[in-house]
Amino acid sequence: MQTRHRDKNPRFGQQRDYGMIGIMTLLVLIAAWVLLMPLVPAIAGVTLRRFHLRSNSFVSWAVQFPIPAMYNFANRYEVHPATDSSDPDSNEPVDSDADELVVGERLINHFPVRIFTFADGRHYYLREGEDRWLTVRSSYRGQTLESRFHADPDEAGDGYVLRRLDPPESH
């Protein structure tokens, strides 16, 4: 009985598994991103902006899509009802000192804006058909990013228009 060794196979080394090479390259890049995030403030800043839907471009957001999003930052949100003095175009924060104005607030694992865009948070906070304000804060190793959103019922009355108001970034 004759055994064939892989190194004597005429096809060995001629075909490469480019799919596997691509997957391994992607895994190495993701690992490098995650490992460099605590060391390179720019990487943390880009990732913070991703969490607030404030990436510089769709491409910048999409490139980060494979990066794991859980448990990276301290994410907090506050939901406020609109008041008579609330100006949807204002970047001034809603008076969060008044406890009666806070509809909901808590820590959230990832993507804090999803409280208005996904599942039970959307139902719980937007079911009344009233204006709502969302303030989200994420922080990581001395960097903090705060974003404000205004959810306004659409004209048809069956949804909301979510508008981000861009406050100055803080570090």
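Quick caveat: nothing in here was measured; it's all calculated off a predicted structure. (Residues numbered from 1 in each chain as written. Predicted model: local features only at pLDDT ≥ 70, side-chain atom pairs only at ≥ 80, totals over all residues. Heavy atoms only, no water.)

### Looking at the side chain of R50
Note that R50 resides in helix 2 (residues 41-51). Engagement of the side chain of R50 in a polar contact is seen with the backbone oxygen of I67, the distance being 3.3 Å. (Helix = DSSP H or I, 4+ residues; strand = E, 2+ residues; numbered from the N terminus. Polar contact = N/O pair within 3.5 Å; in protein donor to acceptor, adjacent residues only side chain to side chain.)

### Quick look at the sheet that holds strand 2 (residues 104-108)
One open sheet accounts for 5 strands, arranged 2-1-3-4-5; its pairing is antiparallel. Both edges of this open sheet fall to strand 2 and strand 5 (160-165), since each of them pairs with a single strand only. Ignoring strand direction, the axes of neighbouring strands in this sheet form an average angle of 20 degrees. Strand direction decides the pairing type here: strand 1 (residues 74-81) and strand 3 (residues 132-140), joined by 8 bridges, are antiparallel. Across the sheet, Y77 pairs through a bridge with V136, a residue of strand 3. Of the strands in this sheet, strand 1, strand 3 and strand 4 (143-153) are in contact with helix 2, which crosses strand 4 at around 15 degrees. (Pairing = 2+ DSSP bridges. Axes fitted to C-alpha atoms, helices over the stretch in contact; angles between N-to-C directions. Contact = heavy atoms within 4.5 Å.)

### A closer look at the nonpolar core
Ranked by size, the top nonpolar core spans 12 residues in total: Y77, V79, I108, V113, I115, F116, Y125, L126, L134, V136, F149 and A151. Breaking this core down by element, the ones donating at least two residues are strand 1, helix 4 (114-117), helix 5 (119-126), strand 3 and strand 4. Discounting residues that sit within four places of it in the chain, V136 has contacts with H52, R76, Y77, P112, V113, L145, E146, S147 and F149. Listed in part, the 9 residues of the second largest apolar core include I43, A69, F73 and L145. (Core = buried A, V, L, I, M, F, W, Y, C linked by side-chain atoms within 4.5 Å. Buried < 20%, exposed > 50% of the residue type's maximum accessible area, 1.4 Å probe, protein only.)

### Section: a nonpolar patch on the surface
On the surface, M20, I23, M24 and L27 cluster together to form a nonpolar patch covering roughly 390 Å² of accessible area. For M24, the location among the structural elements is in helix 1 (residues 18-36). (Patch = residues over 30% accessible without salt bridge, like charges linked within 9 Å, V, L, I, M, F, W, Y side chains within 5 Å. Areas by Shrake-Rupley, 256 points an atom, 1.4 Å probe, with all protein chains shown as cover. Salt bridge = Lys/Arg side-chain N within 4 Å of Asp/Glu carboxyl O.)

### Thoughts on the pattern of salt bridges
In this structure the tally under the stated criterion is 2 salt bridges. Between R137 and E78 there is a salt bridge; the shortest N-O distance is 4.0 Å. Residue R137 is found in strand 3, and its partner E78 is found in strand 1; the two are separated by 59 residues along the sequence. With its nearest N and O atoms 2.7 Å apart, the salt bridge here joins R137 to E146. By relative accessible area, which is 23% here, E146 ends up partly exposed. Put simply, E78, R137 and E146 are held in one network by salt bridges that share partners.

### Structural notes on the environment of I67
Within the secondary structure, I67 sits in the loop between helix 3 (58-63) and strand 1. For I67, a relative accessible area of 8% gives the class buried. Along the sequence, I67 and I30 sit 37 residues apart, while their C-alpha atoms lie 5.9 Å from each other.

### Quick notes on the confidence of the model for the protein chain
Chain-level statistics for the protein chain give a pLDDT mean of 79 and a share of 77% at 70 or above. Mean pLDDT values for the elements of the protein chain range from 78 in helix 5 up to 93 in helix 1. (pLDDT = per-residue confidence, 0-100.)

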